[in-house]
Every structure is written in C-alpha cells, then in structure tokens.
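Each chain, letter by letter, is given below.
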Amino acid sequence: MSVLFFAENIEGKFHKSVFEALTFASDTAAKLNTSVVAVSLGTVDAEELKKLSGYGANKVLNVADAKFNTFNSALYASALQQAIEKEGADLVIMSSTFNAKSLAPRLSAKISAGLVTNVIELPDTNNGFTVKKPVYSGKGFGLFSINTDKKIVTVAINSYHVVGGKDGNVAIEDWTPQVNDSDLNIKVLETKRQKGKISLPEAEIVVSGGRGMKGPENWGMIEELADILGAATACSKPVADVGWRPHSEHVGQTGLTISPDLYIAVGISGAIQHLAGVSGSKVIVAINKDPEAPFFKAANYGIVGDAFEVLPKLIEAAKKIKAHA
Amino acid sequence: MKILLCASKTPDTTTKIIFSADKKSIDANGVQFILNPYDDHALARAMDLKEKFNGHLTVIHVGDGTVEPILRRCLAIGADEAVRVNAEATDAYSVASQIASAIKGENFDLILTGRESIDFNGSQVSDMLGELLDIPSISFVSELEIDGNTKTLRRFIDGGEERLSVDGPLIISAAKELAEPRIPNMRGIMQSRTKPIKVVESNGVKPLVELVELSAPDKKTSCVFIDVADAANLIEILHTKEKLI
C-alpha cells in the first residue's frame, strides 16, 4: 500500500500543517512498509520543494502548471486521481485545510475511496484500517473503519508533531497531468490573507476572551499577553455575536475547533458549546471570577479572579520569562 | 430558479452527548433534534434567493421519518416542498449518493448544504455530491450573489478569504456568515401543514466508511487552582513544568 501525500502550498510556500501531515504520512508509510510520494500542485520553487523530503517524502511530483495556482476542487481532484494511477497509490493523505476539506470528498467520490477527515492519530492497520477523529464537535471521538481498496485521510491541524531532519535529497520529478477544460470554470477574483498574524487553527498557544472582558476596549490586555507568548487570539460566541470581536475568532461548536498546546480562557464561563471547540487543547487554563464556572471542570489550571486583576500579573510575569529566554 | 437544500438532523447544540451501550450511536433519551445549525444558515440564504428570483426551493433529507418536524419547520420558513430518502445515513458518501439518485434529471441551478454537520463534522457531502452530479463545488461559503447565469461568492481559505465567480449550476456549503437563520411565522407554520413531503426509496448504495465505535473524551485531571495573588506562578508553571511558553 503506497502513500500519496498532497503537499498544499499557500502562495508558493508550505506551512507547518503540511509538514505535520507529511510527518503523519511518513510514519503511516513506515507502519505499512512503504514509501511516500508527495504531490505539489502549482508554482513552488525548487528550494521549497526540497523541504518536503526533509519531512519524509521519498519522492516529489511537481506539477508546475500555473493553472493550479488557484484552488479548484474538481481540477485538483482530477490531477490527484491521475497521480494515484501513475504511482499505484492506495492511500492518500493531506492536511485538513479548508481546501483539502473540499478536495478530499471530491476525490473520494471520484475514485470510490473511503474518506475520513480530521484524523488525530496514526491509523491502526493491525486489523483492517481504522482511524480516530473527533465527533460531535469535540464532545467525543469516533473510530472509523475504511473498507475500500483506496483510502483517503485528512489529518487534523495541530494534532501531530512535526519531525523534520530527514534525508533532504530525494528526486523531484516534473509532471504534467491532463487538464479538463470543463474543470476550469471557477474564476478566482481576489484572495485576501491576513499578513503577519498567527493563524488561529495553526497556533500553538491561544489566548481567548469572553464576556468577562466587559467590552471590546479591554481587548488590549488579551492582545498584549498573546503578543508576548507568540499566541493567536480567540473569543467566545457571545463576544463575536455582539461584535466585540470578528466571527473569524469565534471558537466553539459552531465556530472554529482548535487544538493548541495551550489554551488560556479569560472571562469565559465554559458553556458546553465552547468547550466542544477547544477540548482538543493539550493544556487549558481558565481564569474566571465565578468559582462555579464550568470551565474549571475542563481546565488543567485555574485562577478564580477578576480578569482585570489577573491579566496584568500574567503579562508582567510573561514579559520577565521572555526577557530571560 | 430551482434551488435545493440538503438538510441534516443533529442534536441541539446544548446537548450533553452520552453514547449508547453499543457505542454506535448517542443515547437519544431527552435529546432535542434540530436542523443542523449550518444548514439553517444555508436555508436562510436559499430563501433570500428564492424570494429575489421567484424561485422554487426543495429541501431533501436522507433518513427516517423522525425528521418530519424539522422538514415541516423548513417548509414553514418558506421551502416549497420536501423530499425524504427513506434510507439510513450511514456515511457521507451514501448520503451524497442517495441525494444524487433522488434528484436525477432535476437540474437544480443551486444546491446548498451546511459546511459540516455538528455530529460527525465531516464536511464531505457537498463536494461529493458536486462530483457525483459533475458540477462545480465550492465550500465554506460566506457570501453568495447571483446575477443571471453567474454566481459570485466569498469563501474561507486558510488564513483569509477568497472571492470567486462561476457560471452555471453550483453546489456550495454554507459557513454561518452566509445568512442569519430565519424563524418561521404563524402564517408559514399554517401553510407548511399542507405542503408535500415526498418519500423516495433507497438506491441501495453501500457505505465506504463504517463507524466502529464512539468514545467519550478522556477526563482531564482535576484543575490545579492558583491564588490570584500568586497569578505570576501560573506563567512559571507553564514555562518550567509544562514547557509550553
């Protein structure tokens, strides 16, 4: 069972989530005694492509055709189908990005391959092929068996540790798949990405505020602590609903589901819907005035106190630690 | 304009999830089932477009008859008719396949789903259905406008958003930004009682993926409390003990 890895680039660069999923692919391939072929679609320079081998790709297929510089699920699925045939791959692995969550289902239906998205652990291959993913928006886990010959797995962001430093000199093969003109019917008019901000799903540390922050004018403290810690900022649903913060920061059952190494919740009570979105965090810190706040039941560390009293102390202490680092 | 909404039934967001003894489903005792919240956003946008273009909105669901109150609510909000495929929604592929079979030859101009269901969180049905129907699919859509044959959209991408346009039939999955959910009014509720819910039989598709078992998250070890006066110690613990900062 050989493994095909889709290495998705963002404006010609591979991000951490790609190396994470590639490490996952490489470890899966090792379990199955096989190798990993990474496929890159769109313009990426040779130096960037070389990085893929450092994280475990045994071969890189480089599709430099500029038609692939913007994402199109049908176009990408067709290219991957051809790569699967060319390489004789039976298992396709990619990171659970927005694009991949559109591409993987399209490919699944195209080649009748069972698909599980947001997988958080290496597949169990002892008896069939089973994978684990969060379900009920983080309120539980599901173990799923993929019974088809061809299989697709997308790896949840921040769920697997990146291991680099592998042999960085594997073959890069330029390759041109056939393109169906009918797949080119989506026009990208404009792409906007926030520059210089840590992307919330990828962030290792997240500082999040709730109604306990009392108003948008008080978010300076959340942002300051986040800045010092190199963290992303997030918020609870009520805060996004009243417009104190943008909806893009809302984590919870109907917002983003995140699994950072450290989640610091300030003035968030910990409603079941919010906890569902952050329960994958490795360490949770809750700061709340109310000792009965449900968040303390889910937290590893808690401070019962007013955010306006606690945050300045944390900021000061964090500054000291970073000054010594 | 013919519009289709794919509707999924999920437990209410406030539900405390308890798994059944066979670990194959949730204990439905006392659980309130609702229209998947993202589908509700999709429904609202579908209604805006139906009203703007004097279109026809069909709602489709794959599952058993217990969904009726949810379909009636969609009809009360303004959908013209509902279709229920009488089959078990075993995996995303089987749902997409059942819908594709049920609407064969219907040529919808626009099909909408929610970006994911809040039970299995797969985000799969819309793009699978796009492939099965051989029409473009665009997911995580936050804006959708239609002008003649051209649809202009905004969708989420990693780290930002993208604006796109596409001509012809399209399937999208809705982010919650697409539209604010509507609430049925009394007139709509009265009218919904006589609107048709058509039942279609299963196409016999086999699932590609099987649920083995469900499990609850591990219980966190109990919370270590730090006194407000010693708040700085928290940073020290996160630095030296947890090695996170």
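### Things to note about the overall build of chain A
In terms of regular secondary structure, chain A is built from nine helices and 15 strands. Relative to its 325 residues, chain A shows a buried fraction of 56%. Long-range pairs, those at least 24 residues apart, make up 66% of the contacts in chain A with a sequence separation of at least 6.

### Let's talk about the sheet that holds strand 1 (residues 2-7) of chain A
Residue and element names in this part refer to chain A. Overall, parallel pairing links the seven strands, which are arranged 5-8-4-1-2-3-9 in an open sheet. Looking at strand neighbours, the two that pair on one side only are strand 5 (114-119) and strand 9 (172-174), the edges of this open sheet. Pairwise comparison of adjacent strand axes, ignoring direction, gives a mean angle of 20° for this sheet. Where strand 5 and strand 8 (residues 151-155) come together, four bridges link them in parallel fashion. By the bridge assignment for strand 8, V116 is matched with V153. Each of strand 1, strand 2 (36-41), strand 3 (59-63) and strand 9 touches helix 2 (residues 46-54); the most contacted strand, strand 3, lies at about 145° to it. Set on the sheet, helix 4 (residues 100-111) makes contact with strand 1, strand 4 (89-95), strand 5 and strand 8; between it and strand 8 the angle comes to about 170°.

### Quick notes on the nonpolar core
F5(A), L22(A), V39(A), V92(A), I93(A), L5(B) and C74(B) are the most contacted members of the largest nonpolar core, which totals 125 residues. Broken down by element, the residue count for this core peaks at eight residues, all from helix 3 (residues 73-87) of chain A. Here V92(A) is in contact with L4(A), F6(A), L80(A), I84(A), L107(A) and I152(A), once residues within four sequence places are set aside. The next biggest cluster of nonpolar side chains, apart from the first, holds 51 residues, and it includes L225(A), A298(A), I303(A) and A307(A).

### Some words on the pairing of strand 14 (residues 283-288) of chain A
Residue and element names in this part refer to chain A. Within strand 14, five of the six residues are buried, which leaves the element mostly enclosed by the surrounding structure. Examined bridge by bridge, strand 13 (residues 262-266) and strand 14 share five bridges and lie parallel to one another. When the sheet's bridge partners are listed, L262 is paired in strand 14 with V283. In the classification by handedness, the crossover that spans strand 13, the intervening helix 7 (residues 272-278) and the parallel strand 14 is right-handed. As defined by bridge partners, strand 14 adjoins strand 15 (residues 301-304) across four bridges and the pair is classed as parallel. Within strand 15, the position partnered with A286 by the bridge is G302.

### Structural notes on the interface of chain A and chain B
With 76 residues of chain A at the contact, the number on the chain B side is 69 residues. The pairing of strand 7 (residues 140-146) of chain A with strand 12 (residues 209-215) of chain B spans six bridges and is antiparallel. Residue pairing in the sheet places S145(A) in a bridge with E210(B) of strand 12 of chain B.

### Thoughts on the environment of G168(B)
With respect to the secondary-structure elements, G168(B) resides in the loop between strand 9 (160-167) and strand 10 (170-174). For the pair G168(B) and N149(B), spaced 19 residues apart in sequence, the C-alpha to C-alpha distance is 5.6 Å. In contact with G168(B), other than residues within four places in its own chain, are N185(A) and N149(B).

### Considering the sheet that holds strand 6 (residues 130-135) of chain A
The antiparallel open sheet is built from three strands, whose spatial order is 6(A)-7(A)-12(B). With one partner strand each, in any of the chains shown, strand 6 of chain A together with strand 12 of chain B form the two edges of the open sheet. Geometrically, the sheet is characterised by an average inter-axis angle of 30° between neighbouring strands, direction not taken into account. Sheet analysis places strand 6 of chain A next to strand 7 of chain A, joined by six bridges and oriented antiparallel. Residue pairing across strands places V131(A) opposite F144(A), the latter belonging to strand 7 of chain A.

### Some remarks on the packing of helix 3 of chain A against helix 4 of chain A
Residues and elements named next belong to chain A. Across the interface, helix 3 lies against helix 4 with an axial gap of 9 Å and an inter-helix angle of 55°. As far as their axial angle goes, helix 4 and helix 3 are oblique. The two elements helix 3 and helix 4 meet at a crossing, and its hand is right-handed. Contacts between helix 3 and helix 4 involve S73, A74, Y76, A77, L80, Q81 and I84 on the former and, on the latter, S102, L103, R106, L107, K110 and I111. Class assignment for the residues of the contact of helix 3 with helix 4 results in eight nonpolar, three polar and two charged.

### Remarks on the domain arrangement of chain A
All names here are of chain A. According to the domain assignment, chain A contains domain 1 (2-184) and domain 2 (200-324). With centres defined by C-alpha atoms, the gap from domain 1 to domain 2 works out at 32 Å. Listed per partner, the contact involves eleven residues of domain 1 and ten residues of domain 2. Looking at the side of domain 1 that touches domain 2, its residues break down into three nonpolar, six polar and two charged.

### Considering the confidence of the model for chain B
Looking at chain B as a whole, its pLDDT mean stands at 96, while 100% of the residues score no less than 70. For this predicted complex, the interface confidence reaches an ipTM of 0.94, while the overall pTM sits at 0.92.

### Some remarks on unusual backbone geometry
All names here are of chain A. In this structure, S112 takes a positive phi of about 50° despite not being glycine. Tracing the backbone through its elements, the reader meets S112 in the loop between helix 4 and strand 5. Of note, the phi angle at N118 is positive, near 60°, even though the residue is not glycine. For N118, the location among the structural elements is in strand 5.

### Quick notes on the pairing of strand 5 (residues 81-86) of chain B
All names here are of chain B. Pairing analysis gives five bridges linking strand 4 (residues 56-62) to strand 5, with the strands arranged parallel. What sits directly across from H61, in strand 5, is R84. This β-α-β element, strand 4 to helix 2 (residues 68-77) to strand 5, shows right-handed connectivity. Here five bridges tie strand 5 to strand 11 (residues 197-201), and the two strands are oriented parallel to one another. Counted as the bridge partner of R84 is V199 from strand 11.

Here is what the cut-offs are and how they apply
Counting of residues starts from 1 at the beginning of each chain's written sequence and follows it residue by residue. Whichever chain is written first is A, and whichever ligand is written first is 1; the rest continue in order. pLDDT decides what is reported in this predicted model: residues at 70 or higher carry local features, side-chain atom pairs at 80 or more are listed and counted, and totals for whole chains, interfaces and linings draw on all residues regardless. Secondary structure elements follow DSSP: runs of H or I of four or more residues count as helices, runs of E of two or more count as strands, with numbering from the N terminus. The exposure label follows from counting other C-beta atoms within 10 Å of a residue's C-beta, where the C-beta atoms are placed from the backbone and the thresholds are 20 or more for buried and 12 or fewer for exposed, leaving partly exposed in between. We call two residues in contact if the C-beta atoms placed from their backbones are at most 7 Å apart. Here, a strand pair is defined by DSSP locating no fewer than two bridges between the strands. Axes here mean lines fitted to C-alpha atoms, for a helix over just the part in contact, with angles spanning 0 to 180 degrees between N-to-C directions. Nonpolar cores are built from buried Ala, Val, Leu, Ile, Met, Phe, Trp, Tyr and Cys residues. These are joined into a set through C-beta atoms within 7 Å. When the strands point away from the viewer, a crossover counts as right-handed if the route from the first strand across the helix to the second turns clockwise. Angles below 35 degrees are treated as roughly parallel, those above 145 as roughly antiparallel, those between 65 and 115 as roughly perpendicular, and all remaining angles as oblique. For a crossing to be left-handed, the near helix must be turned anticlockwise from the far one by less than a right angle; the clockwise case is right-handed. All amino acids are sorted into three groups, where Ala, Val, Leu, Ile, Met, Phe, Trp, Tyr, Cys and Pro are nonpolar, Asp, Glu, Lys and Arg are charged, and the leftover types, Gly among them, are polar. Delimitation of the domains relies on an automatic or database domain assignment. Confidence of the predictor in every single residue is expressed as pLDDT, which spans 0 to 100.

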